[in-house]
Amino acid sequence: MENRIRPMEESDLAQVLNWRNHPDIRCFMYSTHEISLEEHAQWYQSVKQSSKHTVLIYEKNQTPTGFVSLTRKTCDEVAHWGFYLAPQAEKGTGYQLGKTALTYAFNELNLHKVCGEALGFNNPSIRFHKKLGFKEEGFHKEQHFDGNTYHDVLSFGLLRAQWNNRKD
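Below, the structure is looked at part by part.

Rules used in this analysis
Residues numbered from 1 in each chain as written. Predicted model: local features only at pLDDT ≥ 70, side-chain atom pairs only at ≥ 80, totals over all residues. Heavy atoms only, no water. 1 Å grid on protein atoms, 1.4 Å probe; cavity = no way out; pocket = protein on both sides within 12 Å on 5 of 7 lines; lining within 4 Å. Points joined across faces, edges and corners; volume = space filled by probe spheres on them. Helix = DSSP H or I, 4+ residues; strand = E, 2+ residues; numbered from the N terminus. Nonpolar A, V, L, I, M, F, W, Y, C, P; charged D, E, K, R; others polar.

**Here we look at the layout of surface pockets**
A water-sized probe, rolled over the atoms, reveals where empty space remains.
Here's step 1: Reported here for the largest pocket is a volume of approximately 1700 Å³.
Here's step 2: Considering the residues around the largest pocket, the lining is formed by 48 residues, among which Ile 25, Met 29, Gly 82, Phe 83 and Tyr 84 are closest to the centre.
Here's step 3: Sorting the residues of the lining of the largest pocket by element identifies α2 (23–26), α3 (37–48), β2 (53–60), β3 (63–71), β4 (78–85), α4 (93–108), β5 (113–119) and α5 (123–131) as the ones contributing at least two each.
Here's step 4: Of the residues contributing to the lining of the largest pocket, the split by class is 23 nonpolar, 16 polar and 9 charged.

Written out as structure tokens, the structure is:
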């Protein structure tokens, strides 16, 4: 089984949009509306031209299976990540995506830290971050309003040194 991460290309747009708009993905996002192709294309053009964004495709056995975004907000060595899998991805694929993406982030992009967030009700994402070695760094009570309800947000961080010293 070969896992790899590669830069997202324009030819990936339709597939990534399909994944992102799937109800099982959208329900865990800050923005839960169905994204149009035009909106998605505009987003892609803006991140493609920005040095602060890295958008990646995770491939398992040469098949695109997930999306990863790394965004540098405060400095070039610290990035916030976002990710999702193809809805039909087999169990265990998420962990492989995480390991592959973090190895890329620390070894290829030379990041010092990767930060993540999860809505308080997103237990799979919270477990996922902890399994990968992230430490919970913050709990933000009723931080996100989805149009109906306020939700807690948990923030996580993982340093390159912690990643390199893991035992798995």
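**A closer look at unusual backbone geometry**
What you tend to see is this: most non-glycine residues have negative phi, and most peptide bonds are trans.
Here's step 1: Of note, the phi angle at Gln 62 is positive, near 65°, even though the residue is not glycine.
Here's step 2: Its place among the elements puts Gln 62 in the loop between β2 and β3.
Here's step 3: Of note in the backbone geometry, Asn 110 takes a positive phi value of approximately 55° without being a glycine.

Structural measurements only, silent on function.
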